[in-house]
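Take a look at the letters that make up each chain.
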Amino acid sequence: MADITAAMVKELREKTDAPMMECKKALSEAGGDMGKAEEILRVKLGNKASKAAARVAAEGIVGLHLSGDGKLASLVEVNCETDFVAKNDDFIRLAKNLAELVATRNPADVATLSALEIDGATVEATRAALVGRIGENMSIRRFARVEAQGRLASYVHGGAKIGVLVDVSGGDEQLAKDLAMHIAASKPKSLDVSGVPTELLETERRIAIEKAREAGKPESMLDKIAEGTVQKYLKDVTLLGQVFVKAEDGKQTVEQLLKAKGAKVNGFALYVVGEGIEKKVADFAAEVAAQAAAAAAAK
């Protein structure tokens, strides 16, 4: 059996927000496999074990650039340490300048972008100078550049914490704007089923089977239950499968809306600042000490 270290328990605790002892039990059951332990916790604790995405460490903004003809646009995520700096005019200007560079110069990656120039100085030199002036670390995390097949609509929400670009053929300008707002609100992972990684579907399938098994469902029903769970998951995470946020009947999907409007979504880009970056929200050592004290008192 693999040795379960305090560091492993801590890592799983921060990923899932599950109780420390549950994390230790899950790791033991999984033989030290972190991914399998996380699945075990999701089976036992449900969605309470999937809070990492909401516990973001990075602050910052999404910079956006849209060409005048609506055919070319870009998003760039620039991170800093505090929300206070994210509201700084120089920081905001940097993000906007970077988005324009991405659109007009089409860099291959962040390193290439960092070597381009803004007002006679490289992006990296400009970033470093701003860090020195403000006294807080900053980084360029990622960017997306979109050349439209149809028309581009953009939407920025929450003080530039969420940025969206969507490429729509057919329909009208209002439809494109509504779709951009829908994407910001519903945060789809892909346009359709083809864009959802197979490993995510297999994970959902395994978890559904284990939950059904623990609930005492017959073995003969497990595959059917799992398939229903996967189909529901796909409706939740694909843009075309989601219920449109402005649907009057509360049932019309985005796919149905597009069909009614004679339109098509060619693709979209969605950035949420800090998405997927974990923030430590608890003092692990203090938690261990508190639980040890509670266990001693109970004896």
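Residues numbered from 1 in each chain as written. Predicted model: local features only at pLDDT ≥ 70, side-chain atom pairs only at ≥ 80, totals over all residues. Heavy atoms only, no water.

## Overview of the environment of Val245
By the element assignment, Val245 lies in the loop between helix H10 (219–237) and helix H11 (254–261). When sequence neighbours within four positions are dropped, the list of residues in contact with Val245 reads His182, Ala185 and Ser186. (Helix = DSSP H or I, 4+ residues; strand = E, 2+ residues; numbered from the N terminus. Contact = heavy atoms within 4.5 Å.)

## Focus on the pairing of strand S6 (residues 151–157)
The sheet contact formed by S6 and strand S7 (residues 162–169) spans seven bridges and is antiparallel. Considered in S7, the bridge of His157 is made with Ile162. Connecting S6 to the antiparallel partner S7 that follows it, the hairpin turn spans four residues, and Gly158 within it adopts a positive phi of roughly 65°. (Pairing = 2+ DSSP bridges.)

## So, unusual backbone geometry
Positive phi is not limited to glycine here, since Asn106 has a value of about 50°. Here Asn106 shows up in the loop between helix H5 (89–105) and helix H6 (110–115). Positive phi, close to 50°, is recorded for Lys187, a residue that is not glycine. Note on placement: Lys187 falls in the loop between helix H8 (173–186) and helix H9 (198–214). Among the residues examined, Lys187 registers a relative accessible area of 36% and is labelled partly exposed. (Buried < 20%, exposed > 50% of the residue type's maximum accessible area, 1.4 Å probe, protein only.)

## Some thoughts on the side chain of Glu77
Examined against the element boundaries, Glu77 turns out to sit in strand S2 (residues 72–80). Accessibility expressed as a relative area gives 0% for Glu77, which makes it buried. Reaching out from Glu77, the side chain makes a polar contact with the side chain of Asn79 at a distance of 2.8 Å. At 2.6 Å, the side chain of Glu77 forms a polar contact with the side chain of Arg142. In this view, Glu77 contacts Ile61, Ser139, Ile140, Arg141, Arg142, Tyr271, Val272, Val273 and Gly274; residues no more than four positions away in its chain are not counted. (Polar contact = N/O pair within 3.5 Å; in protein donor to acceptor, adjacent residues only side chain to side chain.)

## Here we look at the sheet that holds strand S1 (residues 59–66)
Strand order in the open sheet formed by three strands is S1-S2-S5, with antiparallel pairing between adjacent strands. Only two strands of the sheet have a single neighbouring strand rather than two, namely S1 and strand S5 (138–147). The sheet shows a mean angle of 15° between the axes of neighbouring strands, direction not considered. Note: S2 against S5, nine bridges, orientation antiparallel. By the bridge assignment for S5, Ser74 is matched with Arg145. Its contacts with the sheet put H5 on S1, S2 and S5, and the angle it makes with S2 is roughly 140°. (Axes fitted to C-alpha atoms, helices over the stretch in contact; angles between N-to-C directions.)

## With respect to the sheet that holds S7
A sheet is described by the order of its strands in space; here three strands give the open sequence S6-S7-S8, paired in antiparallel fashion. Both outer strands of the open sheet, S6 and strand S8 (264–272), are each paired with one neighbouring strand and no more. Put simply, the sheet's adjacent strands are angled 15° from each other on average, direction ignored. In this sheet, S8 lies alongside S7 in antiparallel orientation, the contact comprising eight bridges.

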